[in-house]
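# Secondary and tertiary structure notes
Each chain, letter by letter, is given below.
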Amino acid sequence: MNPLQPRQFHRPRKRWRESYRFQTLAGSALSLCITALFALYHGFLGFFFPSVWHRSIGVFYFLLVVLRGAILLAEHGMRSKPEAEKQLLRQKVFLATSALLFPLNLSLLLPISLMVRMEKPVHMGKIPAIAMAAYTSYKITMALLHMRKRRSHPVLIRELRTINLIDALVSILTLQNTLIMVNTDPGRERSMLPLSAVSSAAIYLLILVITVRSFFRAKSERRSR
């Protein structure tokens, strides 16, 4: 057995435990791959079937891929640059990606309106819905925990955590609609429309607040340098 193998195996685990930056970049790279699959899946269904829902949510996931990919590529490309140049480049990328959050938000208007009107196609039973609820709960919990301890880290790392939180909030909207459709008797889904409308509006407003705060923080940090 190669004596270097145990050391090579433990090195990524050690970096994961000790480096918040490495955790964020590795987790975001995994999320990028998963989101790309979602974008392809919904894009395929939206193209080959007359499904406005799949087309609209596919656009959201595509923009999410662009945002995560741009930040990860920027962080990878500046590894060997001096620290002062890194800070300048990070501020520029941060400002650009913060601005791109606005079209990301606009892309949510159509899929959210479809979910409020119970027009999102749902093809799953209660067990997959419960599994989806567990995954969504984990996703939003981790996003909130990381948002609390992100302030002392580079701006792009904070931006990735902001994007992860928006992604988790959209997952809550999707989960809400799925649970309503799965657990409500056929023909009575419309009775849940007021509750769905209020909760969807509240979550969407929260996403807008997060986006606006991120954008103005990017501008203020750039002026302070």
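This structure is a prediction, so every number in the text was calculated from the model and none was measured.

## A word on the overall build of the protein chain
When helices and strands are counted, the protein chain shows eight helices and zero strands. Listed N to C, the secondary structure of the protein chain is α-α-α-α-α-α-α-α in terms of helices and strands. Taken across its 225 residues, the protein chain has 43% of its residues classed as buried. Pairs at least 24 apart in sequence give 80% of the contacts found in the protein chain among residues at least 6 apart. Summing over all exposed atoms, the protein chain offers an accessible surface of approximately 13000 Å²; the carbon and sulfur share of this is 67%.

## What to know about the packing of aromatic side chains
One pass over the full model with this rule turns up four aromatic pairs. Three or more aromatic residues joined by ring pairs form one cluster here, namely Phe38, Phe60 and Tyr61.

## So, the environment of Leu101
Mapping Leu101 onto the fold places it in helix α4 (residues 83-106). Among the residues examined, Leu101 registers a relative accessible area of 0% and is labelled buried. Sequence spacing of Leu101 and Leu208 is 107 residues, and the spatial spacing of their C-alpha atoms is 9.0 Å. Aside from chain neighbours lying at most four places away, what touches Leu101 is Leu67, Glu159, Ile163, Ile166, Thr211 and Ser214.

## Looking at the pattern of salt bridges
Across all of its chains, the model carries four salt bridges by this definition. Across the salt bridge formed by Asp167 and Arg68, the nearest N and O atoms sit 3.1 Å from each other. Highlighted residues: Asp167 in helix α7 (residues 155-183) and Arg68 in helix α3 (residues 52-77), separated in sequence by 99 residues. Each member of the pair, Asp167 as well as Arg68, carries the same accessibility label: buried.

## Some points on the nonpolar core
By size, the foremost hydrophobic cluster in this structure holds 38 residues, and its most contacted members are Phe60, Leu104, Leu108, Ile112, Leu156, Leu169 and Ile207. Taken together, the elements giving at least two residues each to this core come down to α2 (20-48), α3, α4, α5 (109-116), α6 (126-148), α7 and α8 (193-223). The biggest single contributor to this core is α7, with 11 residues. Sequence-distant contacts of Ile112, defined by excluding residues within four places in its chain, comprise Leu173, Ser200 and Tyr204.

## What about α7?
With 29 residues, α7 extends 42 Å from end C-alpha to end C-alpha; this agrees with the ideal 42 Å at 1.5 Å per step. Counted residue by residue, α7 has 25 buried out of 29 residues, so it is predominantly covered.

## Side note on the environment of Pro194
If you trace the backbone, Pro194 turns up in helix α8. Sequence separation between Pro194 and Val116 is 78 residues, and the spatial gap between their C-alpha atoms is 8.4 Å.

## Quick look at the side chain of Asn177
With respect to the helices and strands, the residue Asn177 is situated in helix α7. Asn177 gets classed as buried once you look at its relative accessible area, which sits at 1%. In terms of polar contacts, Asn177 uses its side chain to reach the backbone carbonyl oxygen of Met115, at 2.8 Å. Once you skip the residues sitting within four places of it in the chain, Asn177 turns out to touch Met115, Met118, Lys120 and Val122.

Here is what the cut-offs are and how they apply
Residues numbered from 1 in each chain as written. Predicted model: local features only at pLDDT ≥ 70, side-chain atom pairs only at ≥ 80, totals over all residues. Heavy atoms only, no water. Helix = DSSP H or I, 4+ residues; strand = E, 2+ residues; numbered from the N terminus. Buried < 20%, exposed > 50% of the residue type's maximum accessible area, 1.4 Å probe, protein only. Contact = heavy atoms within 4.5 Å. Areas by Shrake-Rupley, 256 points an atom, 1.4 Å probe, with all protein chains shown as cover. Phe/Tyr/Trp six-rings, centres within 6.5 Å; stacked < 30°, edge-to-face > 60°. Salt bridge = Lys/Arg side-chain N within 4 Å of Asp/Glu carboxyl O. Core = buried A, V, L, I, M, F, W, Y, C linked by side-chain atoms within 4.5 Å. Expected span 1.5 Å × (residues − 1). Polar contact = N/O pair within 3.5 Å; in protein donor to acceptor, adjacent residues only side chain to side chain.

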